[in-house]
Amino acid sequence: MLEKIMPLLTPTAIVVGVLNEAVLLPFTWLVPWIFAFMTLIGSLKSNFRDLLAVLAKPQKLIILLIILHIVMPLIGWLAAMAFFPGDPYTVTGYVLLFAIPTGVVSVVWVSMHGGNVALTLALILIDTLLSPLVVPGTLYLLMGASVQIEIGEMMRGLLYMVVLPSVAGMLLNQFSKGKVTAVCGPPLAPFVKVGLFIVVSINGASIARYLKHPDGKLALIIAVTFVTVVLGYIIGAVVSRSFRWDYENTVAVQFNSGMRNLSAGAVLAVKYFPPAVALPVISGMLFQQILAACSGMFIRSQVKRLHQAEALTPEGPKATPAESRILL
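First things first, this report covers the structure right here in the doc. These numbers come from a predicted model, not from an experiment. Along each chain, residues carry numbers from 1 onward, in the same order as the chain's sequence is written. Two thresholds apply to this predicted model, a pLDDT of at least 70 for residue-level local features and 80 or more for giving and counting side-chain atom pairs, whereas whole-chain, interface and lining totals are computed over all residues. To obtain the side-chain values, all non-hydrogen atoms of the structure were included, while hydrogens and water were left out.

### Looking at the overall build of the protein
Cut-off, in case you're wondering: Put simply, DSSP H or I for four residues or longer makes a helix, DSSP E for two residues or longer makes a strand, and each gets a number counted from the N terminus. Residues are treated as being in contact if the distance between any of their heavy atoms lies within 4.5 Å. For the accessible areas, the method is Shrake-Rupley and the probe is 1.4 Å, while residue cover comes only from the protein chains on display.
In terms of regular secondary structure, the protein is built from 17 helices and zero strands. When contacts within the protein are restricted to residue pairs at least 6 apart in sequence, those whose partners lie at least 24 apart make up 83%. Summed over its atoms, the accessible surface of the protein is roughly 14,900 Å², and 71% of this surface lies on carbon and sulfur atoms.

### Notes on the environment of Val 23
Here is the rule we go by: Classification of residues uses two cut-offs on accessible area relative to the type maximum, computed with a 1.4 Å probe and protein chains only: under 20% is buried, over 50% is exposed, and between them is partly exposed.
Considering the arrangement of structural elements, one finds Val 23 in helix α2 (residues 21–24). By relative accessible area, Val 23 is classed as exposed at 53%. Linking Val 23 and Ile 202, residues 179 residues apart in sequence, is a C-alpha distance of 9.3 Å.

### Some words on helix α13 (residues 247–258)
In an α-helix, one turn spans 3.6 residues, which is why side chains three or four residues apart end up on the same side. Filter applied, for reference: A helix is expected to span 1.5 Å for every residue after the first.
Look at α13: 17 Å from first C-alpha to last across 12 residues, which is about the 16 Å you get at 1.5 Å a residue. Here α13 lies mainly inside the structure; 10 of its 12 residues are buried. Every buried residue of α13 is accounted for by Tyr 247, Asn 249, Val 251, Ala 252, Val 253, Gln 254, Phe 255, Asn 256, Ser 257 and Gly 258.

### Quick notes on the packing of helix α8 (residues 117–143) against α13
Threshold: Angular values range over 0 to 180 degrees, each being the angle between N-to-C directions of two axes fitted as lines to C-alpha atoms, with helices fitted over their stretch in contact. Each angle is binned into one of four classes, with values under 35 degrees roughly parallel, values over 145 roughly antiparallel, values of 65 to 115 roughly perpendicular, and all other values oblique. Following the grouping adopted for this structure description, the nonpolar residues are Ala, Val, Leu, Ile, Met, Phe, Trp, Tyr, Cys and Pro, the charged ones are Asp, Glu, Lys and Arg, and the polar ones are all others, Gly among them.
At a closest axis distance of 8 Å, the pairing of α8 and α13 adopts a crossing angle of 30°. The angle between α8 and α13 places the two elements in the roughly parallel class. When α8 is examined against α13, the residues Leu 119, Thr 120 and Leu 123 are found in contact with a partner set consisting of Asn 249, Ala 252, Val 253 and Asn 256. Counted by class, the contact of α8 with α13 contains four nonpolar, three polar and no charged residues.

### Concerning the packing of aromatic side chains
Defined as follows: The pairing test for Phe, Tyr and Trp rings, Trp by its six-membered ring, is centres within 6.5 Å, and the orientation test on the planes gives stacked under 30 degrees, edge-to-face over 60, and tilted for anything in between.
All chains considered together, the criterion is met by two aromatic pairs. Here the aromatic rings of Phe 84 and Tyr 94 are separated by 6.0 Å at their centres, their planes lie at 20°, and the arrangement is stacked. In this pair, Phe 84 sits in the loop between α5 (59–83) and α6 (88–99) while Tyr 94 sits in helix α6, placing the two residues 10 residues apart along the sequence. As far as burial versus exposure is concerned, Phe 84 and Tyr 94 are alike and both buried. Between Phe 243 and Trp 245, the aromatic rings sit 5.0 Å apart at their centres with planes inclined by 10°, giving stacked as the arrangement.

### Looking at helix α12 (residues 216–242)
Helix length check: α12, at 27 residues, gives a terminal C-alpha distance of 39 Å against a target of 39 Å (1.5 Å per residue), a fit within 8%. What α12 keeps buried is the set Leu 218, Ile 221, Val 224, Thr 225, Thr 228, Val 229, Gly 232, Tyr 233, Ile 235, Gly 236, Val 239 and Ser 240. Phi turns positive one or two residues past the end of α12, at Arg 244, with a value near 55°.

### What about the packing of α5 against α12?
In plain terms, the rule: If you view the pair so one helix is near and one far, a crossing is left-handed when the near helix is turned anticlockwise from the far one by less than a right angle, and right-handed when it is turned clockwise.
Closest axis-to-axis distance for the α5/α12 pair is 10 Å, and the angle between their directions is 150°. Between α5 and α12, the angle falls in the class roughly antiparallel. Considering only the axes of α5 and α12, their crossing is right-handed. Mapping the contact onto sequence places Ile 63, Ile 67, Val 71, Met 72, Ile 75, Ala 79 and Phe 83 in α5 and Leu 220, Val 224, Thr 228, Leu 231, Gly 232, Ile 235 and Val 239 in α12.

### Side note on a nonpolar patch on the surface
The condition is simple: A residue counts toward a patch only above 30% relative accessible area and without a salt bridge, and it is joined to like-charged neighbours within 9 Å or, for Val, Leu, Ile, Met, Phe, Trp and Tyr, to nonpolar neighbours within 5 Å. The working definition used for a salt bridge is a side-chain nitrogen of Lys or Arg within 4 Å of a carboxyl oxygen of Asp or Glu.
Nonpolar side chains collect at one region of the surface, where Phe 48, Leu 52, Leu 55, Leu 171 and Phe 175 lie side by side and expose about 490 Å² of accessible area between them. Among the secondary structure elements, those contributing two or more residues to the nonpolar patch are α4 (48–56) and α9 (151–175). Looking at the nonpolar patch, the element that brings in the most residues is α4, giving three residues. Here Leu 171 is to be found in helix α9.

### A word on the side chain of Asn 249
Note the cut-off: Identification of polar contacts relies on pairs of N or O atoms within 3.5 Å, with a donor-acceptor requirement for protein atoms, meaning one able to donate a hydrogen and the other able to accept it, and with residues adjacent in sequence counted only if both atoms are side-chain atoms.
Tracing the sequence through the fold places Asn 249 in helix α13. Accessibility expressed as a relative area gives 10% for Asn 249, which makes it buried. Within polar-contact distance, the side chain of Asn 249 engages the side chain of Asn 116 at 2.8 Å. Non-local contacts of Asn 249, meaning those with residues more than four positions away in its chain, are made with Lys 60, Asn 116 and Leu 119.

### Overview of the environment of Val 31
Tracing the sequence through the fold places Val 31 in helix α3 (residues 31–42). The buried category is assigned to Val 31, whose relative accessible area is 2%. Between the C-alpha atom of Val 31 and that of Ala 264, which follows or precedes it by 233 residues, the distance is 9.5 Å. Ignoring sequence-local partners within four residues, the contact set of Val 31 consists of Val 199, Ile 202, Asn 203 and Val 267.

Honestly, it's all geometry; don't read function into it.
Set out below in structure tokens:
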């Protein structure tokens, strides 16, 4: 049930946070702990075997990392410099928005649509492990001395909040030979969605003063964020088609190119930067899940058109098992 309402979960959480600013702000210290717990649960599906299988043929993984950490940060930086010149905090917010690793929740969308889950889990794990270097490094390269960046503190925060829980989850799965995933995964899965709601609500309360008094700048931030995030999905789809990848890999690349671990980005923005930096990241939360749902609808429509076209040919339909599942 929670997975079905995911497109509405994060926007609702932001509204709850803004309306309950005074109540939620004292609980800001809990956010890193909640997020670490969410990361641990989300990593229970990972294991070394799937990781090694993806690393044996790393082309798709490397291309995804290039999209995530070179192409999209440059697009975010250029868009912010074009629309918000002379506003280093907003520009920093856009760089942070596209510097953070891919979203853990992307595995939910990829599995729902019959995509390559192994590639997704490997990407999440590797991207997460690299985040203490990639996130501060990207911010430093694109922003330099424009804003004060606590690189050491940020690296430690990412290490404790993301990297160590991810490694712990993978080791638990590996040493239990998958039993921990089968036994603990389903009962704990709802807590990831509940934890996401709590984290987004508290982060929403942290920037409530900006959201309670919307102006033209906030509207422009939301519009620019929407367009740049959509570009991520489009780039993923175009790259997949250019390389003629199969259905499962196309689904995985499309979702992972567009989704980000925005709850982690919001935690970093609120903890290590002035509140204005968090606005682009929080604005992304308004429609990330909605865009993921729209991307899924696009994939469904493409598959239906494929089946209709094949049904008209003398050979008849040639749907793959994954494509058949998506039509059920």
